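Chain residues, written in single-letter form:
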Amino acid sequence: MKVILSKVIAFYVLCLSVATAFSGMTVMLVQAQNRMASRASSTPSLELKIQPSKLTDSSSATQALRPNEVGKVLILEYHLIQPEETRWGRSLENFKKDLERLYQDGYRPISMAEYIDGKIDLSAGTKPVILTFDDSSPGQLRYLLTNGKPEIDPQCAVAMLLDFNQKHPDFRNKAIFFVLPEAKQPHKLFGQPEFESEKLRQLAALGFEIGNHTLWHANLGKYDATTVQKQLAESVAAIQKMVSGYKVRVLALPFGVYPKDLNLAVTGSYKGISYHNEAILEVAGGAAPSPFSSACNLTHLPRIQVPSSDFQYWLKYFDKHPDEVFVSDGKVDTISLPLASKSRFNSAKFKSLKLDAY
Ligand SMILES: [Zn+2]
């Protein structure tokens with residue numbers, strides 16, 4: 001518990017340093033600590049029962065995993081992508097290693113839309129991972145001028161994802177970018193004013209997703225209902241101004257702080273612009289439930305920060321406890337799971353899926 005709390009405090013320190021550039025704001029540490037305290041209990045115990053047959057080889061992705069579509073899902077949370085490794089910055093080198101490691105371990109990216117809709121179309125035996133990038137800094141997507149023509153800098157996250165996909169076509173271009181349309185530089189829509197629109201359009205065209213992160217990283221717990229709605233609605237409007245008709249479906253809470261009225265994080269409107277966040281991401285909390293699990297609450301989805309010891313922890317945890325991670329059955333219209341986990345399937349929500357409990 002102390003470790004988790006100290007991480008939340010550390011996260012706040014980071015956010016504060018980012019937010020100082022955005023606006024003056026006070027920090028609601030106590031609120032965050034309380035939230036984390038309640039969440040700590042949701043982290044699975046290391047003592048959970050393991051099926052003996054799965055213990056013989058826990059190191060290889062080639063090991064045939066039995067499908068378990070009510071297992072947990074990794075939602076990874078990146079901030080800065082940059083040359084050097086820092087607490088809140090993943091080095092380019094380590095980012096590349098992350099992709100390699102995920103791939104070798106059998107993880108394949110899915111979109112937030114696929115998660116929300118329960119349309120997880122992965123090969124049998126592979127595991128979904130969701131890559132999220134917060135705060136729209138240049139290291140995530142940077143253009144360089146080559147003979148006067150803008151091209152994606154090979155040394156940024158998007159270029160590395162595209163490159164990885166070229167080498168491994170089954171590691172699709174799926175990731176979500178939580179952008180800040182009115183933050184101070186370098187966090188305003190990836191930090192190059194002349195290319196803001198082009199970057200957002202390119203992200204969408206490449207199959208990546210764009211998510212709401214408020215206009216300038218506003219702490220939604222601090223504001224009245226009108227301001228909360230203004231922050232969320234105007235963010236959508238700013239994105240849609242650049243990517244016509246784009247449907248923003250997901251909110252990542254700045255600082256992980258909910259507005260006093262949770263409903264306003266989900267839906268609302270401001271001056272005729274409405275928004276609807278079908279899923280809401282927090283800033284920590286461990287692995288997320290399967291979207292097919294009754295335990296899944298789309299308005300409270302935990303994430304795993306990278307870098308952090310949590311990231312390594314969960315990779316190792318699922319390596320040792322392969323029966324707890326989401327493993328696809330390779331069939332998008334069927335939900336496959338061990339008989340013992342049958343009661344965890346949210347059959348009321350996913351009526352149209354065929355159930356294969358073995
Ligand atoms: Zn943020």
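Refer to the structure printed above.
On a predicted model such as this, the values are computed, not experimentally measured, just so you know.

Some details on the overall build of the protein chain
- A tally of helices and strands in the protein chain yields nine helices and 16 strands.
- Among the 358 residues that make up the protein chain, the fraction classed as buried is 46%.
- Put simply, of all contacts in the protein chain between residues at least 6 apart along the chain, 70% involve residues at least 24 apart.

Some remarks on the nonpolar core
- If you look at the biggest cluster of nonpolar residues, it comprises 78 residues, and the most contacted ones within it are Leu 74, Ile 75, Leu 76, Ile 130, Phe 177 and Leu 253.
- Sequence-distant contacts of Leu 74, defined by excluding residues within four places in its chain, comprise Tyr 107, Val 129, Ala 287, Ile 304 and Trp 314.
- Residues Phe 292, Ile 335, Leu 337 and Phe 345 belong to the second largest nonpolar core, which totals five residues.

Description of helix α5 (residues 157–167)
- Looking at α5, one finds that the buried residues are Ala 157, Val 158 and Leu 161. Buried residues of α5, viewed axially, fall in a sector of 100°; they line one side. Opposite the packed face of α5, turned more than 90 degrees from it, sit the exposed residues Gln 166 and Lys 167.
- Elements in contact with the buried residues of α5: β2 (80–82), α3 (92–104), β5 (127–134) and β7 (149–152).

Quick word on the pairing of strand β12 (residues 273–276)
- Here strand β11 (residues 267–270) pairs with β12 via four bridges, running antiparallel. The residue of β12 that forms the bridge with Thr 267 is His 276.
- The hairpin formed by β11 and β12 contains two residues between the paired strands, and Lys 271 there has a positive phi angle of roughly 45°.

Observations concerning the pairing of strand β9 (residues 209–212)
- Taking every second residue as pointing to the same face, both faces of β9 are buried, with Glu 209 and Gly 211 on one and Ile 210 and Asn 212 on the other.
- Relative to β9, strand β8 (residues 176–179) runs parallel, the two sharing four bridges. In the sheet register, Ile 176 faces β9, and the bridge partner there is Glu 209.

Brief notes about helix α6 (residues 196–206)
- Turning to α6, its buried residues are Lys 199, Leu 200 and Leu 203. All buried residues of α6 lie within an arc of 95° about the axis, which places them on one face of the element. For α6, the exposed residues lying more than 90 degrees away from the buried face are Ser 197 and Ala 205.
- Those residues of α6 that are buried lie in contact with β8, β9 and α7 (225–242).

With respect to the environment of Val 332
- With respect to the element layout, Val 332 can be found in the loop between α9 (309–320) and β15 (334–337).
- Exposure remark for Val 332: the 14 C-beta atoms within 10 Å place this residue in the partly exposed category.
- Through-space distance from the C-alpha of Val 332 to that of Lys 119 is 6.1 Å; in sequence the pair is 213 residues apart.
- Not counting residues up to four positions away in its chain, the partners in contact with Val 332 are Lys 119, Ile 120 and Asp 121.

Focus: unusual backbone geometry
- Cis geometry marks the peptide bond from Gln 185 to Pro 186, where omega comes out at 10°.
- With respect to the secondary-structure elements, Pro 186 resides in the loop between β8 and α6.
- Between Val 306 and the following residue, Pro 307, the backbone shows a cis peptide bond with an omega angle of 0°.
- Mapping Pro 307 onto the fold places it in the loop between β14 (301–306) and α9.
- Positive phi is not limited to glycine here, since Asp 135 has a value of about 80°.
- Within the secondary structure, Asp 135 is located in the loop between β5 and β6 (143–146).
- Taking the number of C-beta atoms within 10 Å as the measure of exposure, Asp 135 has 26 and is therefore buried.
- One non-glycine residue, Phe 190, lies in positive phi territory at about 75°.
- Turning to its location among the elements, Phe 190 is positioned in the loop between β8 and α6.
- Assessed through the 28 C-beta atoms surrounding it within 10 Å, Phe 190 is described here as buried.

Looking at the environment of Leu 251
- Positionally, Leu 251 belongs in strand β10 (residues 250–252).
- Sequence separation between Leu 251 and Glu 282 is 31 residues; the distance between their C-alpha atoms is 9.0 Å.
- If sequence neighbours within four positions are ignored, Leu 251 has contacts with Gly 211, Asn 212, Leu 232, Ala 265, Asn 277 and Ile 280.

Reading the values: the criteria
- Residues numbered from 1 in each chain as written.
- Predicted model: local features only at pLDDT ≥ 70, side-chain atom pairs only at ≥ 80, totals over all residues.
- Helix = DSSP H or I, 4+ residues; strand = E, 2+ residues; numbered from the N terminus.
- Buried ≥ 20, exposed ≤ 12 C-beta atoms within 10 Å, placed from the backbone.
- Contact = placed C-beta atoms within 7 Å.
- Core = buried A, V, L, I, M, F, W, Y, C linked by C-beta atoms within 7 Å.
- Arc of directions from axis to C-beta.
- Pairing = 2+ DSSP bridges.

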